[in-house]
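These are the residues of each chain, in order.
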Amino acid sequence: MRTAGRAQKARAALVRTSGGPFLIEDIEVASPRDDEVLVRMVGTGVCHTDIVFRDGAFPMPMPVVLGHEGAGIVEAVGAKVNRVKPGDHVVLSFNSCHTCTNCLKSEPAYCYNFYPYNVAGSRASDGSSALSKGPEMLHGEFFGQSSFATYAMAHEANTVPIAHDLPLEIMGPLGCGVQTGAGATINSLKMKPGDSLAVFGGGGVGLSAMLGALAVGAGPVIVVEPNRARGVLALELGAAHVVNPTETPDVLARIKELSGGGVTYAVDTTGIPAVIGVAVEVLLHNGMLGLLGVPPPEATLPANLLSMLMRGVGVKYIVEGDSDPQEFIPRLAALYKAGKFPFDRLIKKFPFEKINEAARASETGEVIKPVLIF
Ligand SMILES: [Zn+2]
Ligand SMILES: [Zn+2]
């Protein structure tokens, strides 16, 4: 454990220019403020959102340290932190203000201050940063953590303690991508045994949605995915059927045929309007479609309202799987430990230094969920 007041030296993957590579450099991390938690990283997942922000699809001040699926060991805590102490094993999740109406209702994923607390690149309180390199301020606070670094500064609110007997280095994705998918089917759609599901897009979020449904005894699950390797994995993990849209002339008809007329629920992780149009139509009466994908900025909902009325179906954008991370991450970890939620099958490990390789493998779809190991 380090003494308070001294900056911690760290190695971080910096993005200095929009679309540029991750550059590994030496940085300093300040000692934690009252509500802050300094964490020594053990493993961090690479999520599509990191790549979106690296490439400037959303504005982000630079240089910045991204990374938002961190897992590690608490090194030091601020004066007012009670939830965790040095030595605790933790998963870092998204941050929230804990004071707005939705946070007070335990709906932190819909925090009114979600953007300043997660993607502004600096502390929501005063625009400062815990990260620097000599005289240069580095932007951080990405999802309240910036965990592409050997040490990350998180907050009490988004630091979730987990049991010491879990494999810490692979637990980071529970903080975002896995929680987003599994939370959609477990928390948002509240799937139960007997409910069927169609998953559009068999990446990390889509397959986590399937694993969540299967973990609570729901099914059958049909996965629509063009990548053959992902289709094979989906079947191994419990999908009843995989539909390859590049080889299937009428995906809607095929899903109806496989499901005997339609499914209770569907989730879309693609954000592609034409796909969403099919997803609305596969639903049975009183069905619900959960939207999880990032759409093009100009996209609108391509659904026929009368068709929706006739079946009484709904469509809802779901953020972070409606999760309260403090409750949901330990629950997913317990399901994993019980052998009911094998999300580790989605993961491939990369040494931290190979972060650019890991990001490329995620972009090409070759790896579903890269995790950087420190
Ligand atoms: Zn809030
Ligand atoms: Zn994410």
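Below is a short write-up of the structure.

Definitions and cut-offs
- Residues numbered from 1 in each chain as written.
- Chains lettered and ligands numbered in written order.
- Predicted model: local features only at pLDDT ≥ 70, side-chain atom pairs only at ≥ 80, totals over all residues.
- Heavy atoms only, no water.
- 1 Å grid on protein atoms, 1.4 Å probe; cavity = no way out; pocket = protein on both sides within 12 Å on 5 of 7 lines; lining within 4 Å.
- Points joined across faces, edges and corners; volume = space filled by probe spheres on them.
- Nonpolar A, V, L, I, M, F, W, Y, C, P; charged D, E, K, R; others polar.
- Pairing = 2+ DSSP bridges.
- Helix = DSSP H or I, 4+ residues; strand = E, 2+ residues; numbered from the N terminus.
- Axes fitted to C-alpha atoms, helices over the stretch in contact; angles between N-to-C directions.
- Patch = residues over 30% accessible without salt bridge, like charges linked within 9 Å, V, L, I, M, F, W, Y side chains within 5 Å.
- Areas by Shrake-Rupley, 256 points an atom, 1.4 Å probe, with all protein chains shown as cover.
- Salt bridge = Lys/Arg side-chain N within 4 Å of Asp/Glu carboxyl O.
- Buried < 20%, exposed > 50% of the residue type's maximum accessible area, 1.4 Å probe, protein only.
- Parallel < 35°, antiparallel > 145°, perpendicular 65-115°, else oblique.
- Contact = heavy atoms within 4.5 Å.
- Donors = N, O, S within 2.8 Å, 3.2 Å for Na, K, Ca; no water.

**Re empty space enclosed by the protein**
Under the counting rule described, the total for this entry stands at one cavity of 30 Å³ or more. Looking at the largest cavity, the residues that line it are E36, R123, S129, A130, L131, G140, E141, Q145, S146 and M153. Looking at the lining of the largest cavity residue by residue, the classes come out as three nonpolar, four polar and three charged.

**Brief notes about the sheet that holds strand β15 (residues 283–291)**
Ordered in space as β13-β12-β11-β14-β15-β16, the six strands form an open sheet in which the pairing is parallel. Since the sheet does not close on itself, it has two edges, and those belong to β13 (241–243) and β16 (314–317), each with one partner. Here the average twist between neighbouring strands, direction ignored, is 20°. Here strand β11 (residues 197–200) pairs with strand β12 (residues 221–224) via four bridges, running parallel.

**Some details on a nonpolar patch on the surface**
Together, L306, L309 and M310 make up a nonpolar patch on the protein surface, roughly 370 Å² of accessible area in all. Inspection of the secondary structure puts L306 in helix α9 (residues 305–311). For L306, a relative accessible area of 54% gives the class exposed.

**Notes on the layout of surface pockets**
In this structure, the second largest pocket occupies an estimated 230 Å³ of space. If you trace the second largest pocket, you find 16 residues lining it, with D35, N95, Y117, S125 and H155 closest to the centre. Looking at the lining of the second largest pocket residue by residue, the class counts come to five nonpolar, six polar and five charged.

**Things to note about the packing of helix α4 (residues 177–188) against helix α10 (residues 325–337)**
Look at α4 against α10: their axes get within 11 Å of each other, and the N-to-C directions meet at 95°. By the criterion of interaxial angle, the relationship of α4 to α10 is roughly perpendicular. Across from V178, Q179, A182, G183, I186 and N187 in α4, the residues of α10 making contact are P325, F328, I329, R331 and L332.

**Structural notes on the coordination of the zinc ion (ligand 2)**
The protein atoms donating to the zinc ion (ligand 2) are C47 (SG), H68 (NE2) and C176 (SG), with metal-donor distances spanning 2.1 to 2.3 Å. All donors of the zinc ion (ligand 2) come from a single chain, and their spacing in sequence reads C-x20-H-x107-C. Placement of the pair is C47 in the loop between β3 (36–45) and α1 (48–54) and H68 in the loop between β4 (64–65) and β5 (70–77), with a sequence separation of 21 residues. Looking at C47, the relative accessible area reads 9%, which means it is buried.

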